[in-house]
Amino acid sequence: MQWTRKHLLGLEELSAEEITFILDRADSFKEICTRPNKKVPALVGRTIVNMFFENSTRTNISFQLAARRLSADILSFSKAGTSVAKGETMIDTALNIEAMGVDVMVLRHGASGAPWKLAKHVKCAVVNAGDGQHEHPTQALLDLYTIREVRGRIAGLTVGIVGDIAHSRVARSNIWGLTKLGARVLAVGPTTLIPRDIEKMGVEVCHDMDRAIRECDVLNMLRIQFERQGGHNPFPSIREYIQMFGLTKERLKSRPDLVVMHPGPVNRGVELSPEVADGPQSVILRQVGNGLAVRMAVLQLVAGVE
Ligand code: CP
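Residues numbered from 1 in each chain as written. Predicted model: local features only at pLDDT ≥ 70, side-chain atom pairs only at ≥ 80, totals over all residues. Heavy atoms only, no water.

A few points about the overall build of the protein chain
Here's step 1: In terms of regular secondary structure, the protein chain is built from eleven helices and nine strands.
Here's step 2: A compact globule built from 306 residues should have a C-alpha radius of gyration of about 19 Å, and the protein chain, at 19 Å, falls within 12% of that.
Here's step 3: Expressed along its principal axes, the backbone C-alpha trace of the protein chain runs to roughly 55 × 45 × 35 Å.
Here's step 4: In the protein chain, which comprises 306 residues, the proportion classed as buried is 57%.
Here's step 5: Here the analysis covers contacts within the protein chain between residues at least 6 apart in sequence; of these, 72% occur between residues at least 24 apart.
Here's step 6: Accessible area of the protein chain: about 13100 Å², with a carbon and sulfur share of 52%.
Here's step 7: Across the protein chain, the centroid of the 38 positively charged side chains sits 3 Å from that of the 33 negatively charged ones. (Helix = DSSP H or I, 4+ residues; strand = E, 2+ residues; numbered from the N terminus. Rg over C-alpha atoms; globule rule 2.2 N^0.38 Å. Buried < 20%, exposed > 50% of the residue type's maximum accessible area, 1.4 Å probe, protein only. Contact = heavy atoms within 4.5 Å. Areas by Shrake-Rupley, 256 points an atom, 1.4 Å probe, with all protein chains shown as cover. Lys, Arg positive; Asp, Glu negative; His and termini not counted. Charge placed at Lys NZ, Arg CZ, Asp CG, Glu CD.)

Notes on the side chain of Arg 172
Here's step 1: Note on placement: Arg 172 falls in helix 6 (residues 169–180).
Here's step 2: For the buried residue Arg 172, which engages in no salt bridge, the nearest side chain bearing the opposite charge is Asp 197, 7.0 Å off.
Here's step 3: A polar contact of 3.1 Å, which involves the side chain of Arg 172, links it to the backbone oxygen of Ala 166. (Salt bridge = Lys/Arg side-chain N within 4 Å of Asp/Glu carboxyl O. Polar contact = N/O pair within 3.5 Å; in protein donor to acceptor, adjacent residues only side chain to side chain.)

Let's talk about the site of the ligand
Here's step 1: The environment of the ligand is made up of Ser 56, Thr 57, Arg 58, Thr 59, Arg 108, His 136, Gln 139, Pro 263 and Gly 264.
Here's step 2: Take His 136: an N or O atom from its side chain is 2.9 Å from an oxygen atom of the ligand.
Here's step 3: Contact distances for the ligand include 3.1 Å between a nitrogen atom and a side-chain N or O atom of Gln 139.
Here's step 4: By residue class, the composition of the shell around the ligand is one nonpolar, six polar and two charged. (Near = heavy atom within 4 Å. Nonpolar A, V, L, I, M, F, W, Y, C, P; charged D, E, K, R; others polar.)

What follows is the structure, encoded as structure tokens:
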């Protein structure tokens, strides 16, 4: 197929063919990342700007490194230290930066829909690096890439997404991607952390962690986003949450083949015990490594370079 999209905003709007195209393209970048010289001249002369209005470690650094590996010029800024902190709007900031000659803007923003709004105002390509509780497409793409790499396929697998699904853009993008590629998806967690109409996205709801461990090929453990609970406790105590949904070594004993994922950052001892996070079934750092190849593929495609 030919890549025709200008932006990468969300997985809801991508077809299975487009998602697979990105994953296949990432394969070739993964190989490049193993060479002594990891740099390719694909985006020489292009300028990419990382606009991070929300905190990030993995996504921000991964996009910066991906741009550098492609030989692009990359600039990064966060809200603190820019005129956004003085009250300038995101769109005014973006238009001023674009006036200096920018090819791709990578945006992380706390407001759901912010990348779509930005894409309406600028002429350059926009990549969503996570918007509010809505989508985090490159995280889902690297999760899909990792599942395909470890399991050899996605279609026909059962993947459990566990925990704070209500506040998770990672969950939403994963659900779109996994269901489009033919996986069965279980949304696992307490009633208070699973949106009421989630089944409309093509997933099954499961409140029983032990059943999820029995039925799933992969578990993607989500961080409890304590900062997004709006002052309400979604469960009586953290201890109770850990007892019901925490993934421990004991719980995993019956399934030595189960693949354990987490998008990070991890609340160690809450959604995962440290032994599981660092154990042989965890692919958490492999996900981070694969993110680089996936983001190189995405940047190359939206920059319009074949
Ligand atoms: N997974 C993820 O988005 O991590 P960061 O918030 O550190 O970018």
